[in-house]
Amino acid sequence: MPKKLYLETVGCQMNVLDSEMVVASLRKHGYSLTHDPEQADTLLFNTCSVREHAEEKTYSSLGKLKRLKQRHPEKVVGVMGCMAQKDQKLIFERAPYVDLIVGPGQLQQIPELVSNVNAGDGRQVAVSLGRREGTVENIKRSHETFDPLRDTEMRPTPFQAYLRIQIGCDKFCTYCIVPMTRGPEQGRPPAQIVAEARVLADQGCKEITLLGQTVNSYCYKTPEETTNLAKLLAQLHEVDGLERIKFVTNYPKDMTRELLTAVRDLPKVSPYLHVPLQSGSDRILERMKRGYTVADYRDMMDRIRELLPDAAVSSDFIVGFCGETDEDFEQTVALTKECRFKNSFIFKYSERPGTRGADRYPDDVPLDVKQARNNELLAVQSAISEEDNQRFLGRTVDVLIEGPSKLTLRKGHQDEPLQQLTGRTHCDRIVVFDGNLRQVGQTLPVAIYDATAHTLFGAVVTEEIDPTVYTLQLN
Ligand code: SAH
Ligand code: SF4
Ligand code: F3S
């Protein structure tokens, strides 16, 4: 009997990629995926600790399994990812029916750990060393990932893939748990990254998104040479079959002229830069230990506008960080209006035990104030996004078609050949239009006739069809 795996993933793109690899490795051990926990032999939860809410979501999902596990004690329940690394055995206290705890650096051990549980060896725990639990080399090694193993079926779409170029983070922003869960910053060797990109392109992948917590700080040194992101992009640009290369998330201080010039000169590289500002107040940036001032960020925006005038820039913000006054927040609003981001992700500060922020500063902004600031900044950003999108009315953009739109999926029409589809422009704008399922995976020109804050609406431009291709399709 083939074994069934149920897998829930929360958190960032790193987790989506990790889930892809875990599925690939379990498939090799005879597993297939199921969306029904009742059917599953093994149930895994890939977790995130960046905000309390993300952890609560996982505990609530685990809570729902209690009865199932009572009825079927033979089912294996595992918690993997950042929360597994952060809380380790503490998870057993809140969810006693968990069998398996696996950190992001130990995911390759999952098949073996699951079979240990099945063999009656009891609970299994595999995590990396803490940031002070060994030599730097040993700590780094314990956080290494097993990236080359991939599973196309787990991707957002078969022609789009994530590719990790950097593990961990050394920036230690005072609010953030990631340096503890993902360990020290380490760049993967460029030869390995390029080889993986080739495999992906050979599998039909047209767009790769390079991942790193501070992806533009990427650095790989050998005695002979140092490879930075600009140089890596130039190497990846040579990979046949790839059409688009994106990279997230950027750190403002490392957005160099060299990198921006590479983005300008390499047409496959998307003119889309996600570079979180977090706050528009120097006092708060200092408390967050972000390593830049408002003036530095402005200089960076000037560099971007000079070298890439059409680039889309997006940001993250934390509102209600410890000690944030109305005045600090107003500075954030003012800078948001000045920078005119394509979009922003806005989060209410969530204190994370184990971070310097939690040790040093009381979480003193009341929840209702955080919520009000969140709403206000979101409204400001939405107005900017909508105005920005209006500029596209009447223009034609190239769209890489991803699949059925949300509306199509909601209506359950995803199998009909003619339906509403969705895709993205080179600079990451979402476009919705009527099309044919056959067009999924193609890059086609779409003329835009309507725009909201989050979406452009358009129609595929058909006049430009090459007659030879058209004849081929008819046959
Ligand atoms: N490495 C990336 C993002 C890490 S987490 C970067 O440095 O930009 C993604 C976003 O979550 C962050 O940009 C930040 O805005 C938010 N975040 C991180 N820790 C948080 C916390 N404790 N409370 C609320 N939001 C947080
Ligand atoms: Fe967290 Fe800062 Fe590192 Fe981003 S740069 S992962 S916010 S510590
Ligand atoms: Fe969350 Fe870990 Fe990503 S804490 S945001 S899943 S790196």
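None of the values given here were measured: they were computed from a predicted structure. (Residues numbered from 1 in each chain as written. Chains lettered and ligands numbered in written order. Predicted model: local features only at pLDDT ≥ 70, side-chain atom pairs only at ≥ 80, totals over all residues. Heavy atoms only, no water.)

### Describing the packing of aromatic side chains
Then step 1. This model, assessed by the stated rule, comprises eight aromatic pairs.
Then step 2. Note on Tyr-251 and Tyr-292: the rings are 6.4 Å apart at their centroids and 75° apart in plane angle, and the pair reads as edge-to-face. One end of the pair, Tyr-251, is in the loop between β13 (244-248) and α11 (257-265); the other, Tyr-292, is in the loop between α12 (282-288) and α13 (294-307), with 41 residues separating them in the sequence. The exposure classification of Tyr-251 matches that of Tyr-292, with both residues buried.
Then step 3. When the ring of Phe-321 is compared with that of Tyr-361, the centres are 6.4 Å apart and the planes differ by 75°; the resulting orientation is edge-to-face. (Phe/Tyr/Trp six-rings, centres within 6.5 Å; stacked < 30°, edge-to-face > 60°. Helix = DSSP H or I, 4+ residues; strand = E, 2+ residues; numbered from the N terminus. Buried < 20%, exposed > 50% of the residue type's maximum accessible area, 1.4 Å probe, protein only.)

### With respect to the site of ligand 2
Then step 1. Every residue near ligand 2 is listed here: Cys-169, Lys-171, Phe-172, Cys-173, Tyr-175, Cys-176, Val-178, Pro-179, Gln-213, Thr-214 and Arg-290.
Then step 2. Of the residues belonging to the shell around ligand 2, the class tally is seven nonpolar, two polar and two charged. (Near = heavy atom within 4 Å. Nonpolar A, V, L, I, M, F, W, Y, C, P; charged D, E, K, R; others polar.)

### Description of the environment of Asp-316
Then step 1. With respect to the secondary-structure elements, Asp-316 resides in strand β15 (residues 312-319).
Then step 2. Along the sequence, Asp-316 and Val-275 sit 41 residues apart, while their C-alpha atoms lie 7.5 Å from each other.
Then step 3. Apart from the residues lying within four places of it in its own chain, the contact partners of Asp-316 are His-274, Pro-276, Leu-277, Gln-278, Phe-345 and Phe-347.
Then step 4. At 3.0 Å, the side chain of Asp-316 forms a polar contact with the side chain of His-274. (Contact = heavy atoms within 4.5 Å. Polar contact = N/O pair within 3.5 Å; in protein donor to acceptor, adjacent residues only side chain to side chain.)

### Topic: the site of ligand 1
Then step 1. Near ligand 1, the surroundings consist of 15 residues, among which Arg-51, Gln-213, Gln-278, Asp-316 and Ser-350 are the closest.
Then step 2. At 3.0 Å from an oxygen atom of ligand 1 is found a side-chain nitrogen or oxygen belonging to Arg-51.
Then step 3. Asp-316 is positioned with one of its side-chain polar atoms (N or O) 2.6 Å from an oxygen atom of ligand 1.
Then step 4. In isolation ligand 1 offers 540 Å² of accessible surface; the protein chains occlude 90% of this area.
Then step 5. Every element with two or more residues in the shell around ligand 1 is listed here: β15 and β16 (344-348).
Then step 6. Each of two domains, domain 2 (155-270) and domain 3 (275-391), supplies a minimum of three residues to the shell around ligand 1. (Areas by Shrake-Rupley, 256 points an atom, 1.4 Å probe, with all protein chains shown as cover. Domains from an automatic or database assignment.)

### Remarks on the nonpolar core
Then step 1. Core analysis: the largest hydrophobic core is formed by 54 residues, its most contacted members being Ile-208, Leu-210 and Phe-247.
Then step 2. Top contributing element to this core by residue count: α13, with six residues.
Then step 3. If you count residues domain by domain, this core takes at least three from each of domain 2 (155-270) and domain 3 (275-391).
Then step 4. Non-local contacts of Leu-210, meaning those with residues more than four positions away in its chain, are made with Leu-163, Ile-165, Val-215, Leu-229, Leu-233, Leu-236, Ile-245, Lys-246, Phe-247 and Val-248.
Then step 5. Counting residues in each nonpolar core, the second largest holds 27 residues, with Met-14, Leu-211, Val-248 and Tyr-272 among its members. (Core = buried A, V, L, I, M, F, W, Y, C linked by side-chain atoms within 4.5 Å.)

### Observations regarding the packing of helix α14 (residues 326-339) against helix α16 (residues 367-390)
Describing two packed helices takes the angle between their axes plus the distance from one axis to the other.
Then step 1. For the pair α14 and α16, the least separation of the axes is 10 Å and the interaxial angle reads 15°. When the axis of α14 is compared with that of α16, the two are roughly parallel. The crossing of α14 and α16 is right-handed. Of α16, the residues touching α14 (which contributes Asp-326, Phe-329, Glu-330, Thr-332, Val-333, Thr-336 and Lys-337) are Arg-373, Glu-376, Leu-377, Val-380, Gln-381 and Ile-384. (Axes fitted to C-alpha atoms, helices over the stretch in contact; angles between N-to-C directions. Parallel < 35°, antiparallel > 145°, perpendicular 65-115°, else oblique. Left-handed = near helix turned anticlockwise from the far one by under 90°.)

### Quick word on the pattern of salt bridges
Then step 1. Applying the stated criterion across every chain yields a total of 27 salt bridges.
Then step 2. The shortest N-O distance in the salt bridge between Arg-188 and Glu-196 comes to 2.9 Å.
Then step 3. Arg-188 sits in the buried class, given a relative accessible area of 5%.
Then step 4. Ionic contacts of the salt-bridge type, sharing partners, join the residues Glu-207, Lys-246, Lys-342, Glu-402, Arg-424 and Asp-428 into one network. (Salt bridge = Lys/Arg side-chain N within 4 Å of Asp/Glu carboxyl O.)

### Describing the packing of helix α9 (residues 190-202) against helix α10 (residues 229-237)
Then step 1. Running from N to C, α9 and α10 cross one another at 35°; their axes reach a closest spacing of 10 Å. As for how α9 packs across α10, the hand of that crossing is right-handed. Residue-level contacts link Pro-190, Ile-193, Val-194 and Ala-197 of α9 to Leu-232, Gln-235 and Leu-236 of α10.
Then step 2. Among the residues forming the contact of α9 with α10, the class breakdown is six nonpolar, one polar and no charged.

### Comments concerning the pairing of β16
Then step 1. Sheet topology places β15 next to β16; five bridges connect them, and they run parallel. Opposite Val-319, over in β16, you have Lys-348 as the bridge partner.
Then step 2. Handedness of the β-α-β unit built from β15, α14 and β16 comes out right-handed. (Pairing = 2+ DSSP bridges. Right-handed = clockwise from strand over helix to strand, strands pointing away.)

### Here's the deal with the side chain of Gln-381
Then step 1. Within the secondary structure layout, Gln-381 lies in helix α16.
Then step 2. For Gln-381, a relative accessible area of 3% translates into the label buried.
Then step 3. When sequence neighbours within four positions are dropped, the list of residues in contact with Gln-381 reads Thr-336, Phe-341, Lys-342, Asn-343 and Ser-344.

### Quick notes on α14
Then step 1. Here α14 is 14 residues long and its end C-alpha atoms lie 20 Å apart, about the 20 Å a rise of 1.5 Å per residue gives.
Then step 2. For α14, the set of buried residues is Asp-328, Phe-329, Thr-332, Val-333, Leu-335, Thr-336 and Cys-339. Seen end-on, α14 carries its buried residues on one side only, within an arc spanning 165°. Exposed residues lying more than 90 degrees from the buried face of α14 are Asp-326 and Glu-327.
Then step 3. Those residues of α14 that are buried lie in contact with α12, α13, β15 and α16.
Then step 4. At the C-terminal side of α14, Arg-340 shows a positive phi close to 50°. (Expected span 1.5 Å × (residues − 1). Arc of directions from axis to C-beta.)

### A look at the environment of Thr-135
Then step 1. The topology assignment puts Thr-135 in the loop between β6 (124-126) and α7 (136-142).
Then step 2. Once the C-alpha coordinates of Thr-135 and Glu-286 are considered, the two residues, 151 residues apart in sequence, prove to be 30 Å apart.

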